[in-house]
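Listed here are the chains, written in short residue letters.
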Amino acid sequence: MNRIPLLTAEQAPAASQPLLQQIQQAFGATPNMFKAVANSPAALQAMWGFFGALGKGSIDAQLGEQIAVAVADRNACEYCLAAHTALGRKAGVSPEAMRAAQQGESANPRTAAALRFAIKLVHERGQVTAQDVQALRDAGFHNEHIAEILAHVALNLFTNYVNVAFAVPVDFPTVPLSRKA
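These lines cover the structure that appears in this document, whether it is placed above or below. (Residues numbered from 1 in each chain as written. Predicted model: local features only at pLDDT ≥ 70, side-chain atom pairs only at ≥ 80, totals over all residues. Heavy atoms only, no water.)

### Some points on the overall build of the protein
Counting secondary structure elements, the protein contains nine helices and zero strands. Scaling as 2.2 N^0.38, a compact globule of 181 residues should have a C-alpha radius of gyration of about 16 Å, and the protein matches this with 16 Å. With the principal axes as the frame, the protein shows a C-alpha extent of 50 × 30 × 30 Å. Within the span of the protein, comprising 181 residues, buried residues form 43% of the whole. In the protein, of all internal contacts separated by at least 6 residues, the share reaching a separation of at least 24 is 71%. With the model as given, the accessible surface of the protein reaches about 9100 Å², and the carbon-plus-sulfur share is 55%. Of note, the protein has its 14 positive side-chain charges centred 3 Å away from the centre of its 13 negative side-chain charges. (Helix = DSSP H or I, 4+ residues; strand = E, 2+ residues; numbered from the N terminus. Rg over C-alpha atoms; globule rule 2.2 N^0.38 Å. Buried < 20%, exposed > 50% of the residue type's maximum accessible area, 1.4 Å probe, protein only. Contact = heavy atoms within 4.5 Å. Areas by Shrake-Rupley, 256 points an atom, 1.4 Å probe, with all protein chains shown as cover. Lys, Arg positive; Asp, Glu negative; His and termini not counted. Charge placed at Lys NZ, Arg CZ, Asp CG, Glu CD.)

### Quick word on the side chain of Thr30
Structurally, Thr30 is set in the loop between α1 (17-27) and α2 (32-37). Only 2.9 Å separates the side chain of Thr30 from the side chain of Gln24, close enough to count as a polar contact. Leaving out residues up to four positions away in the same chain, Thr30 has contacts with Leu20, Ile23, Gln24, Lys35 and Asp171. (Polar contact = N/O pair within 3.5 Å; in protein donor to acceptor, adjacent residues only side chain to side chain.)

### Some thoughts on the pattern of salt bridges
One pass over the structure, following the stated rule, counts two salt bridges. Arg99 serves as the salt-bridge partner of Glu96, at 3.8 Å between the closest nitrogen and oxygen. Separated by three residues within a single helix, Glu96 and Arg99 lie in helix α6 (residues 95-102), roughly one turn from each other. Judged by its relative accessible area of 45%, Arg99 falls in the partly exposed class. Lys120 is paired through a salt bridge with Asp132; the nearest N and O atoms lie 2.9 Å apart. (Salt bridge = Lys/Arg side-chain N within 4 Å of Asp/Glu carboxyl O.)

### Some remarks on unusual backbone geometry
With the exception of glycine, the majority of residues adopt a negative phi angle, and the majority of peptide bonds are in the trans configuration. Here the phi dihedral of Ala76 falls at roughly 50°; this positive angle occurs in a residue that is not glycine. Here Ala76 is to be found in the loop between α4 (61-74) and α5 (78-90). Residue Ala76 is classed as partly exposed on the basis of its relative accessible area of 23%. Phi at Ala167 is positive, roughly 50°, even though this residue is not glycine.

### Examining the packing of aromatic side chains
Each pair of aromatic rings is reported with the distance of its centres and the angle of its planes. Counted by the stated rule, this structure contains five aromatic pairs. A centroid spacing of 5.6 Å and a plane angle of 90° characterise the contact between Phe34 and Trp48, whose relative ring orientation is edge-to-face. Remark: Trp48 occurs in helix α3 (residues 41-55) and Phe34 occurs in helix α2; sequence separation between them is 14 residues. Relative to Phe172, the ring of Tyr79 lies with its centre 5.9 Å away and its plane at 85°, an arrangement referred to as edge-to-face. Here the residue Tyr79 occupies a position in helix α5, and Phe172 occupies one in the segment after α9 (143-165), the gap between them amounting to 93 residues. Of the two residues, Tyr79 and Phe172, both sit in the buried class. Here the guanidinium or amino end of Arg110 rests over the ring plane of Phe141, the centre of that ring lying 4.0 Å away. (Phe/Tyr/Trp six-rings, centres within 6.5 Å; stacked < 30°, edge-to-face > 60°. Lys NZ or Arg CZ within 6 Å of the ring centre and 35° of its normal.)

### Quick notes on the side chain of His145
Assignment of secondary structure puts His145 in helix α9. Residue His145 is classed as buried on the basis of its relative accessible area of 13%. Side-chain polar atoms of His145 contact the backbone nitrogen of His142, separated by 2.8 Å. Not counting residues within four places of it along the chain, the set of residues in contact with His145 comprises Ser58, Ile59, Arg110 and Gly140.

### Comments concerning α9
For α9, spanning 23 residues, the distance from its first C-alpha to its last is 33 Å, which sits close to the expected 33 Å at 1.5 Å a residue. Just beyond α9, the residue with positive phi is Ala167, at close to 50°. (Expected span 1.5 Å × (residues − 1).)

Structure (structure tokens):
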């Protein structure tokens, strides 16, 4: 059972209502995660703005979703794993590639390098080395990409923590975790 109310647009604080309407339009429904965060207009604005900014970034949606499932699996976030698996498939990532990404793996060397870096950020709490960053450069990533990979990890930590801490009910097709945090 969720630990914080899941607010509809009508129940949410006035400042959250237009954001929930945007989210409804973007998804065709309002995912439970956003209903939970809507309790705070500031938190909802931060989360929705973060998604919007990264959606216009240099990292494509496919890689962003693969990073998301790798991070979700490490944090045992069933909600984000389900949501980002669905979004990854919608972005054109094969089911096999999404399962591999959940494990932190990819047949694509560039994607594999990004996933290794993302997982290291999570496991080491940001304590990466110059060699870790250089490995991304060696895989073809530029500084803009590297900063965005870190931003994707940060956004996913935020969403993972929301869903795990508040026990947000999953409203996407479930995907089994491959490992526990």
